[in-house]
Amino acid sequence: MDDLYRELILDHYQHPHNHGEIPGADISYEDSNPLCGDKIRIDIKLQGNVVADVRFNGKGCAISQASASMLTDELIGKSLDDIKKMDKQYILDLLGIPLGPTRIKCALLPLKVIKAGVYGITAWPDDDEE
Amino acid sequence: MPINGLYVSAIREDFPILQQIVHGKPLVYLDSAATSQKPEAVIRAMDTYYRTSNANIHRGVYQLAEQATEQYEGARKRIQRFINAKSPREVIFTRNATEAINLVAYSWGRANVRAGDEVVSTVLEHHANIVPWQLLTQEKGARLTYIGADEQGRLREEEIEARITARTKLVAVTMASNVAGTLTPIQSIIARAHAVGAVVVVDAAQAVPHMPVDVQALDCDFLAFSGHKMLGPFVGVLYGKRTWLDKMEPFLGGGDMIREVHLEYSKWNDLPWKFEAGTPAIAEAIGLGAAVDYLTALGMENVRAHEREMTAYALNQLRAIEGIRILGPLDADQRGGVVAFSIPEAHPHDVAQILDHEGICVRGGHHCAMPLHEYYGIAATTRASFYVYNIPEEVDKLVETLAKVRQIFKG
């Protein structure tokens, strides 16, 4: 339990980074997790091929919101090609917590939203493994 | 000592799964609204069927097949008596309550609902009693309207009158909400619907397992429920008035639902088999028969009294938590054994996860009732639900652990 709700996760949940919206964003996308109703919207401002700014908005559990907060931190300065390479393991390494098959969907929702927004890839990042 | 007529400590011993240790803690199962646990008698009935009588039904002339048929049809008769249907022909086995409702929407709905007609449901419904009606009304160009609820999750009397009108063809309503717990004024809704010539489909998935239900006294046209929520295995039941079922076209086509099949046409079997295409869930139906026997022996009045007591206790303990929001009526007389709540500190998913580590099983999410959560402006709730095997000490554990959750999340 202490592993799952370690301080870093709770801190990102309670004080999310990059929270909000970008008026006139280049990429905006929103999706939800049908299992639990967690919802995430992500706005991205580009400079050429590179993420100049990113904001997210949403409601959901500590895992999905902390994942969005931590992932958006990583996105700034990354190219769209870098984003395409991000996978399930990338998110798991970022969060650094053990996640069961149900909660992993919460953790992966922000990446799913970003990939759908950037590339129109709407599959769950772990779909190929199921 | 019996409490409200139930020897709960003896009942608990009938459920092998409850003896389990989870994460080093005794299992506290508070998710019976999702599915109930199964007593030894039900597990044994299915086991015995597979060991001694397994054969396909309605066909074979050998002894095994006759035994299987007799047991399957015997289960139907037990269920008929349990809900006081006039005839076993009015009891149809389905995959689950969802399929039972879909059967009505497909078969009765497509033949009787036309453009401009109205179907009335309520904001309390499970998705299973909303989506089939959306599909039907969209296909037919009919209109789907909803009876609203007050801040305690009680249907608004004036809207019952206002929504159910001469334009209404069908009313689809829950008897007990799976989230707010509300016991709806089912009798007056049915009376109102019949007064305007509409038929009534009752979602009784949270009612038949928990209280006496008499379909003739209710005078409902259709009533759907789930075996697995009433100590039985995964099988559903549709009750329908024979006058309707006789006139309805089949839902699924195939074996067993026919009298004759020719290359050009077919003739349908008698009730209830007209609606049971293909080999049904034989062992599960037999298991449900055993569950009905078990519940009958306990007495459904006693089951209701025990759950009322558990719910009153839970409401009382939970209300003491600062900032908690409890959905549904605050009076246990007006609700079933389901308590959904939210606490400001933590998302229900996180609450459920931390409770799991204490061996406590609850549900976190929207419980297949997104419209109800939207209606009350909450994304999700944590739900504890009770059944014959639950004891007040389990509510205490829930409340203690919620204090722990708040401790972790107070930031």
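Definitions and limits used
Residues numbered from 1 in each chain as written. Chains lettered and ligands numbered in written order. Predicted model: local features only at pLDDT ≥ 70, side-chain atom pairs only at ≥ 80, totals over all residues. Helix = DSSP H or I, 4+ residues; strand = E, 2+ residues; numbered from the N terminus. Rg over C-alpha atoms; globule rule 2.2 N^0.38 Å. Domains from an automatic or database assignment. Contact = placed C-beta atoms within 7 Å. Nonpolar A, V, L, I, M, F, W, Y, C, P; charged D, E, K, R; others polar. Core = buried A, V, L, I, M, F, W, Y, C linked by C-beta atoms within 7 Å. Buried ≥ 20, exposed ≤ 12 C-beta atoms within 10 Å, placed from the backbone. Pairing = 2+ DSSP bridges. Axes fitted to C-alpha atoms, helices over the stretch in contact; angles between N-to-C directions. Expected span 1.5 Å × (residues − 1).

Before going further, it helps to spend a moment on the overall build of chain A. When helices and strands are tallied, chain A shows five helices and three strands. For chain A, the succession of helices and strands along the chain, N to C, is α-β-β-β-α-α-α-α. For 130 residues, the compact-globule formula gives about 14 Å, and the C-alpha radius of gyration of chain A, at 14 Å, lands near that figure. Referenced to the eigenvectors of the C-alpha coordinate spread, the extents of chain A come out at roughly 40 × 35 × 25 Å.

Residues and elements named next belong to chain B. By domain assignment, chain B separates into domain 1 (8–30 + 299–409) and domain 2 (44–296). Between the C-alpha centres of domain 1 and domain 2 the distance comes to 28 Å. Each side of the interface is counted separately: domain 1 has 24 residues, and domain 2 has 22 residues. Of all the elements in the fold, those that place two or more residues in the side of domain 1 that touches domain 2 are helix H11 (300–319), strand E14 (338–342), helix H13 (370–375) and strand E17 (381–385). The element contributing the most residues to the side of domain 1 that touches domain 2 is H11, with five residues. Of the residues that constitute the side of domain 1 that touches domain 2, the class distribution is 13 nonpolar, six polar and five charged.

Here we take up the nonpolar core. In terms of nonpolar packing, the biggest core is built from 126 residues, with Val 171, Val 200, Val 202, Ala 204, Ala 224 and Ile 286 of chain B touching the most fellow members. Taken domain by domain, the makeup of this core includes at least three residues from each of domain 1 (8–30 + 299–409) and domain 2 (44–296) of chain B.

Now for the environment of Gly 117 of chain A. All names here are of chain A. Summarising the element assignment, Gly 117 is placed in helix H5 (residues 103–119). According to the C-beta neighbour criterion, Gly 117 is buried, with 21 such atoms within 10 Å. Distance from Gly 117 to Gln 89, taken between C-alpha atoms, is 20 Å for residues 28 residues apart in sequence. Excluding anything up to four places from it in sequence, Gly 117 contacts Ile 27, Ser 28, Tyr 29, Ile 42 and Ile 44.

This part covers the sheet that holds strand E13 (residues 325–326) of chain B. Residues and elements named next belong to chain B. Pairing is antiparallel in the open sheet, where four strands are placed in the order E13-E14-E17-E16. Lying at the two open borders of the sheet, with one neighbouring strand each, are E13 and strand E16 (363–365). Looking at chain direction, E16 and E17 are connected through three bridges and run antiparallel. What sits directly across from Gly 365, in E17, is Thr 381. Sheet strands in contact with H11 are E13, E14 and E17, and its direction is about 15 degrees off that of E14.

Next up on the list: H11 of chain B. Residue and element names in this part refer to chain B. The first and last C-alpha atoms of H11 sit 28 Å apart over 20 residues, in line with the 28 Å expected at 1.5 Å per residue. Buried within H11 we find Val 303, His 306, Glu 307, Met 310, Thr 311, Ala 314 and Leu 315. Of the surrounding secondary structure, the elements contacted by the buried residues of H11 are helix H10 (282–298), E13, E14, E17 and helix H14 (392–409).

Moving on, we get to the interface of chain A and chain B. By convention, interface size is frequently given as the accessible area that disappears when the constituent parts associate. Facing the 14 residues of chain A at the interface are 14 residues of chain B. Tallied by class, residues from the side of chain A that touches chain B come to nine nonpolar, three polar and two charged.

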